[in-house]
Amino acid sequence: MLQQGIHRLVWDPRQPTRRAPHEIHGAIWKQIGDEPDDCQKPADKPLILAAYESKPFGAVTAYMESSAIGDSLPEMPLYVSPSGYVLVPLQDTYDRAFAALPRRWSSVLEK
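Residues numbered from 1 in each chain as written. Predicted model: local features only at pLDDT ≥ 70, side-chain atom pairs only at ≥ 80, totals over all residues. Heavy atoms only, no water.

Draft legend 1. Structural view of the pattern of salt bridges. By the definition in use, this model includes two salt bridges. Between Asp-71 and Lys-45 there is a salt bridge; the shortest N-O distance is 2.6 Å. Pair noted here: Asp-71 is in the loop between strand S3 (60-67) and strand S4 (75-81) and Lys-45 is in the loop between helix H1 (23-32) and strand S2 (47-54), with a separation of 26 residues, a long-range link. Judged by its relative accessible area of 28%, Lys-45 is partly exposed. Among the ionic pairs, Arg-96 bridges to Asp-92, the shortest N-O distance being 3.1 Å. Separated by four residues within a single helix, Arg-96 and Asp-92 lie in helix H2 (residues 90-99), roughly one turn from each other. Note on Arg-96: relative accessible area 61%, which makes it exposed. (Salt bridge = Lys/Arg side-chain N within 4 Å of Asp/Glu carboxyl O. Helix = DSSP H or I, 4+ residues; strand = E, 2+ residues; numbered from the N terminus. Buried < 20%, exposed > 50% of the residue type's maximum accessible area, 1.4 Å probe, protein only.)

Following this line, the structure appears as structure tokens:
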């Protein structure tokens, strides 16, 4: 989809493993045809948020932020055109969605 001009914003909340050291970002990058980069993540922030900008002629640029479980989610760019984006307030969106859950389900998730 990226090579067809469809932009993406991805957060993978899973920790890297021996079998998947580059998580979802590495899988996406490999599908594009590039080798997963060895982005230097701080040891205390092993999770990646990535905004993918799809450019003309199939080129893709990834903008990444590192995070950890328990961190507030940052605002991230969501590209709506090459070089044009809106900032997505991820933490505020998550908080509002969680607040709207029925108490039964929010108590299950809080455990």
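After presenting the structure, the write-up continues.
Draft legend 2. Molecular detail of the side chain of Ser-106. Relative to the helices and strands, Ser-106 resides in helix H3 (residues 103-110). Of note is the side chain of Ser-106, whose polar atom sits 3.2 Å from the backbone oxygen of Arg-103. Residue contacts for Ser-106: discarding those within four places in its chain leaves Phe-98 and Leu-101. (Polar contact = N/O pair within 3.5 Å; in protein donor to acceptor, adjacent residues only side chain to side chain. Contact = heavy atoms within 4.5 Å.)

Draft legend 3. Structural view of the packing of aromatic side chains. For the coordinates displayed, the defined rule picks out three aromatic pairs. With 5.6 Å between their ring centres and 20 degrees between their planes, Tyr-63 and Tyr-79 make a pair best called stacked. Residue Tyr-63 is located in strand S3, and its partner Tyr-79 is located in strand S4; the two are separated by 16 residues in the primary sequence. Given a relative accessible area of 8%, Tyr-79 falls into the buried group. Summarising the aromatic geometry, the rings of Tyr-94 and Phe-98 are spaced 6.1 Å apart at their centres and angled 20 degrees between planes, so their arrangement reads as stacked. Residue Tyr-94 and its partner Phe-98 are located together in helix H2, separated by four residues, close to a single helical turn. When its relative accessible area of 48% is taken as the criterion, Tyr-94 is described as partly exposed. (Phe/Tyr/Trp six-rings, centres within 6.5 Å; stacked < 30°, edge-to-face > 60°.)

As far as function goes, none of this settles anything; it's purely spatial.
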